[in-house]
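What follows is the residue order along each chain.
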Amino acid sequence: MLYLTIFILLFTFVCLYCFYDCVKPKNYPPGPAWLPLIGCFLIFVRLRSKYEYTYLALQQLAHTYGPVLGLKFGNQKIVVISTYDLVKKNLLRDELNGRPDGFFFRARAMGKRKGILFTDGTTWSQSRRFTMRHLRTFGMGQSAMKMQITIEIQEFINHLQKISEHDVVPMHRVFDVAVLNSLWLMIAGHRFDYEDEKLQQVLKVVHDIFRSMNTMGGLLSQMPFLRFIIPELSGYNELIRIHKVFWSFIGDEIKIHENNPPENEPRDLIDAFLLEISNKNGDKDNVFDRENLLILCLDLFLAGSKTTIDTLGSIFLFLSLHPEWLGVIQAELDSVVGRSRAPTEEDLPLLPITEAFLAEIQRYFILAPLGVPHCASEDVILNEYRIPKGTLVLFNLYSVENDEAYWDEPNLFRPRRFLDERGQFRRNNFSLPFGLGKRRCLGEQLARSALFLFFTNIVHYFDMKISTDHDKPDLKCYDGFTLSPKPYYLKLTKRSE
Ligand code: HEM
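Residues numbered from 1 in each chain as written. Predicted model: local features only at pLDDT ≥ 70, side-chain atom pairs only at ≥ 80, totals over all residues. Heavy atoms only, no water.

### Quick look at the overall build of the chain
Piece 1. A tally of regular secondary structure across the chain gives 18 helices and 9 strands.
Piece 2. Summarising its shape, the C-alpha atoms of the chain cover approximately 95 × 60 × 45 Å along the three principal directions.
Piece 3. When each of the 497 residues of the chain is scored for burial, the buried share is 54%.
Piece 4. Residue pairs in contact within the chain that sit at least 24 positions apart in sequence constitute 72% of those at least 6 positions apart.
Piece 5. Carbon and sulfur atoms form 56% of the exposed surface of the chain, whose accessible area is close to 22800 Å².
Piece 6. Charged side chains of the chain number 58 positive and 58 negative; the gap between the two group centres comes to 6 Å. (Helix = DSSP H or I, 4+ residues; strand = E, 2+ residues; numbered from the N terminus. Buried < 20%, exposed > 50% of the residue type's maximum accessible area, 1.4 Å probe, protein only. Contact = heavy atoms within 4.5 Å. Areas by Shrake-Rupley, 256 points an atom, 1.4 Å probe, with all protein chains shown as cover. Lys, Arg positive; Asp, Glu negative; His and termini not counted. Charge placed at Lys NZ, Arg CZ, Asp CG, Glu CD.)

Here it is as structure tokens:
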């Protein structure tokens, strides 16, 4: 009798739990029906496998249910906001500018909320203010940064020349170290050799992690208990292994600074942070500690390298399949820069086609189609819907760059859309590759300079052809946190002076 009562109670409890787990909050945005425990995850998985990309699966659901789409994966409520008007308006709302918390987002910070990418409140505001101030002090947006990138590019062009004398160039990986160097000089005060094996290993891990992750944090964020049941299959073991590589790499950089403090002024961002730690004087609201420094450097490393590397990868991928554009850009550079010197940022105002081409590449290949996930920091009313506090919010940047209300035939590659009637470059505010509002990318200036200088210098010095010894380059990129080009190889030949 006792067992029967326990069974009935348990059964009733499970039924009630399942029932309530499927009930949507009042006025929650429209979306597919929810099943107990998994929400509408299965529908997403089916669409993801049909359309091959997370953003296309979500775009498909938005077509069915509308531009404010309400989902639930496991225990995580997710709202996806699409179209330029809605994305722009809501990116500017403070209450939608939090970042999600959860197992996956904390895994990179040893289970804590540290760094800049996935933090809120004081930790985020102090870290962001500190980073922006010191990146500027150590060069960002200043002539010092442009000079550093120019020197890096000279080294890189020599490096490309050496490889191309006897081999084809692996364009999907060749930018790794050079791009990181432009950032690392400001963070740690030194650059790496292109052959540095330890760094090559770490950068390989960066490529792997971006591919294995999705913007919503993946299965482990929505069903964290899986790490106890299937640690290998759920990706938990891999996640920890990858993060240990990062912690050790960046930890070594910090140790070098600690063992060799500056004689006078800080030399780089790590020095400046260590100085803040030593000046802390027991202030409880002060977020400067060693763990925060480690995770801040990790965040900058991840956010700053992979994005620029993959944008450059996409540019040359596109050029290899559309060589007519290579000719157009080279002709503009030849007429403005000439053949006797390298392009510099001072040339930019006289290179409207090149600038329009770069802007269109960033629109057409929107590298982070779902941006970085946001979170509702309180209950939010959006149109007639209510988004509960704690909901993960995705801003669909792909829908922005393809919004037919603002772009004519957005599926076509057409740099002309960034030119005015007189053929001058026209910045178009409907394109948001770096986001908007207080979470807007803080490396935009560095990224823009690096993209322009790497791109123009390479096409100025080299002609390029697809390697006949490898598969033809594929415009379909790998899915992941960012879209990254699949391996492709080009034969580079030096242009005549
Ligand atoms: C082509 C290159 C890049 C692209 C397309 C890009 C794009 C983005 C986007 C879409 C966001 C999210 C904005 C949001 O949450 O609403 C972001 C955030 C961020 N980016 Fe970039 N980014 C690039 C390069 C860089 C570089 C070079 C750095 C390094 C200094 C950087 C550092 C960051 C950081 C730290 C954040 C988080 C900001 C915060 O949460 O407050 N990014 N980026």
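### Let's talk about helix H13 (residues 269-278)
Piece 1. All of the buried residues in H13 are Leu269, Ile270, Asp271, Ala272, Phe273 and Leu274.
Piece 2. The inward-facing, buried residues of H13 contact helix H6 (121-137), helix H8 (176-188), helix H12 (236-259) and helix H14 (290-321).
Piece 3. For H13, the N-terminal capping position is held by Asp268, with its side-chain oxygen 3.2 Å away from the main-chain nitrogen of Ile270. (Polar contact = N/O pair within 3.5 Å; in protein donor to acceptor, adjacent residues only side chain to side chain.)

### A word on a nonpolar patch on the surface
Piece 1. Together, Met1, Leu4, Phe7, Ile8 and Phe11 make up an exposed nonpolar region whose accessible area comes to about 610 Å².
Piece 2. With respect to the helices and strands, Ile8 occurs in helix H1 (residues 2-21). (Patch = residues over 30% accessible without salt bridge, like charges linked within 9 Å, V, L, I, M, F, W, Y side chains within 5 Å. Salt bridge = Lys/Arg side-chain N within 4 Å of Asp/Glu carboxyl O.)

### Thoughts on unusual backbone geometry
Piece 1. Positive phi is not limited to glycine here, since Glu52 has a value of about 70°.
Piece 2. Residues other than glycine seldom take positive phi values, yet Glu409 does so here, at roughly 45°.
Piece 3. Among the secondary structure elements, Glu409 is positioned in the loop between helix H17 (397-401) and helix H18 (444-461).

### Topic: the pattern of salt bridges
Piece 1. Taken as a whole, this structure holds 32 salt bridges when the rule is applied.
Piece 2. Between Arg108 and Asp299 there is a salt bridge whose closest N-O contact spans 2.9 Å. You can see Arg108 sitting in the loop between helix H5 (103-107) and H6 and its partner Asp299 sitting in helix H14, a full 191 residues away along the chain. Summarising the burial analysis for this pair, Arg108 and Asp299 share the class buried.
Piece 3. In this structure, Asp271 engages Arg267 in a salt bridge whose closest nitrogen and oxygen atoms are separated by 2.6 Å.
Piece 4. The partly exposed category is assigned to Arg267, whose relative accessible area is 37%.
Piece 5. In the salt-bridge network here, residues are joined through shared partners; they are Asp101, Arg106, Arg113, Asp120 and Arg439.

### Description of the coordination of the iron atom of the ligand
Piece 1. Protein coordination of the iron atom of the ligand rests on one atom only, Cys441 (SG), at 2.3 Å.
Piece 2. The topology assignment puts Cys441 in the loop between H17 and H18. (Donors = N, O, S within 2.8 Å, 3.2 Å for Na, K, Ca; no water.)

### Observations regarding the packing of helix H7 (residues 143-166) against H8
Piece 1. Taken N-terminus to C-terminus, the directions of H7 and H8 make an angle of 145°; their axes are 10 Å apart at the nearest point. Judged by the sense of rotation from one axis to the other, the crossing of H7 with H8 is right-handed. Mapping the contact onto sequence places Met145, Gln148, Ile149, Glu152 and Phe156 in H7 and Ala178, Asn181, Ser182, Leu185 and Met186 in H8.
Piece 2. Of the residues that constitute the contact of H7 with H8, the class distribution is 6 nonpolar, 3 polar and 1 charged. (Axes fitted to C-alpha atoms, helices over the stretch in contact; angles between N-to-C directions. Left-handed = near helix turned anticlockwise from the far one by under 90°. Nonpolar A, V, L, I, M, F, W, Y, C, P; charged D, E, K, R; others polar.)

### Details of the site of the ligand
Piece 1. Among the 23 residues in the neighbourhood of the ligand, the closest are listed as Arg99, Trp124, Arg128, His374 and Cys441.
Piece 2. The contact in question runs from an oxygen atom of the ligand to an N or O atom on the side chain of Trp124, over 2.8 Å.
Piece 3. Within the contact set of the ligand, an oxygen atom lies 2.8 Å away from a side-chain nitrogen or oxygen of Arg128.
Piece 4. With 5 residues, the single largest contributor to the shell around the ligand is H14.
Piece 5. Considering only residue class, the shell around the ligand consists of 13 nonpolar, 7 polar and 3 charged. (Near = heavy atom within 4 Å.)

### A closer look at the sheet that holds strand E4 (residues 374-375)
Piece 1. The strand order across the open sheet formed by 4 strands is E1-E2-E7-E4, and the pairing between neighbours is mixed. The strands lining the two open edges of the sheet, one partner per strand, are strand E1 (68-73) and E4.
Piece 2. Strand direction decides the pairing type here: strand E2 (residues 76-81) and strand E7 (residues 392-395), joined by 4 bridges, are parallel. Following the sheet pairing, Ile81 is matched in E7 by Phe395.
Piece 3. In the packing of helix H3 (residues 54-65) onto the sheet, the strands contacted are E1, E2 and E7, and the crossing angle to E1 comes to about 125°. (Pairing = 2+ DSSP bridges.)

### Regarding the sheet that holds strand E3 (residues 169-170)
Piece 1. If you trace the 3 strands from one edge of the open sheet to the other, you get E3-E9-E8, paired in antiparallel fashion. Strand pairing shows two members of the sheet lacking a second neighbour, E3 and strand E8 (462-466), which therefore form its edges.

### Regarding the side chain of Ser449
Piece 1. On the secondary structure map, Ser449 appears in helix H18.
Piece 2. Setting aside its immediate chain neighbours within four residues, Ser449 contacts Met145, Lys146, Ile149 and Glu345.

### A short note on the packing of H7 against H18
Each pair of packed helices can be summarised by the angle the axes make with each other and by the distance between the axes.
Piece 1. Remark: H7 packs on H18, axes separated minimally by 10 Å, with the N-to-C direction vectors making an angle of 35°. Considering how the two elements wind past one another, H7 and H18 form a crossing that is right-handed. Touching Met145, Lys146, Ile149, Thr150, Glu152, Ile153, Phe156, Ile157 and Leu160 of H7 are Gln445, Leu446, Ser449, Ala450, Leu453, Phe454, Asn457, Ile458 and Tyr461, all from H18.
Piece 2. Here the residues of the contact of H7 with H18 sort into 12 nonpolar, 4 polar and 2 charged.

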